[in-house]
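Architecture and fold: a report
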Amino acid sequence: FDVPVGEERLERALDQAVSLSKKLGRLPKFADWTAARKADDVMLTEWQIYRMFDARRGAWSTFQFLVRERLREAGVDVAADGTIS
């Protein structure tokens, strides 16, 4: 089994989220991640991501913020509504 931990897990989640965002044309919502995970069992589960942020209120929004920053670092424009160009 490949079991990433800590920072490695976060990096993997962000890489997966950037890829999914590009496919969707926007930042992934929780339900988008669930559907994508069903199609690709290599992806971390949405609950693994949620727990990375201590399963607190706003955990998915925090993850989306990090995804947005990762996309911007890669030169991708992200609108306020989460759509990407």
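Each residue is numbered by its place in its chain's sequence as written, counting from 1. Residues qualify for local features only when their pLDDT is at least 70, as the model is predicted, and side-chain atom pairs are given and counted only at 80 or more; totals for whole chains, interfaces and linings, by contrast, use all residues. To get the side-chain values, take all heavy atoms of the structure and skip hydrogens and water.

1. Re the environment of methionine 52
Relative to the helices and strands, methionine 52 is located in helix 3 (residues 46–52). In the structure, methionine 52 is positioned 45 residues away from glutamate 7 in sequence and 9.7 Å away in space, judged by C-alpha atoms. Contact definition: two residues touch when any of their heavy atoms are within 4.5 Å. Apart from the residues within four sequence positions on either side, methionine 52 is in contact with Arg9, Leu10, Ala13 and Leu44. Comment: elements are numbered from the N terminus, with helices defined as DSSP H or I runs of at least four residues and strands as E runs of at least two.

2. Quick word on the nonpolar core
Buried Ala, Val, Leu, Ile, Met, Phe, Trp, Tyr and Cys residues form a nonpolar core when they are joined through side-chain atoms within 4.5 Å. Relative accessible area decides the class of each residue, using a 1.4 Å probe on protein chains only: under 20% of the type maximum gives buried, over 50% gives exposed, and in between gives partly exposed. Counting 21 residues, the largest nonpolar core has Trp33, Ile49, Phe53, Phe63, Val67 and Leu71 as the members making the most contacts within it. Contributing elements (two or more residues each) for this core: helix 1 (6–24), helix 2 (30–39) and helix 4 (59–73). The residues contacting phenylalanine 63, other than those within four sequence positions of it, are Ala13, Leu14, Ala17, Trp33, Ile49 and Phe53.

3. A word on helix 4
If you check helix 4, its first and last C-alpha atoms are 21 Å apart, about what 15 residues at 1.5 Å a residue would give, namely 21 Å. All of the buried residues along helix 4 are Ala59, Trp60, Phe63, Gln64, Val67, Arg68, Arg70 and Leu71. Buried residues belonging to helix 4 abut helix 1, helix 2 and helix 3. Glycine 75, located one to two residues past helix 4, shows a positive phi value of around 85°. Multiplying 1.5 Å by the residue count of a helix minus one yields the expected span of that helix.

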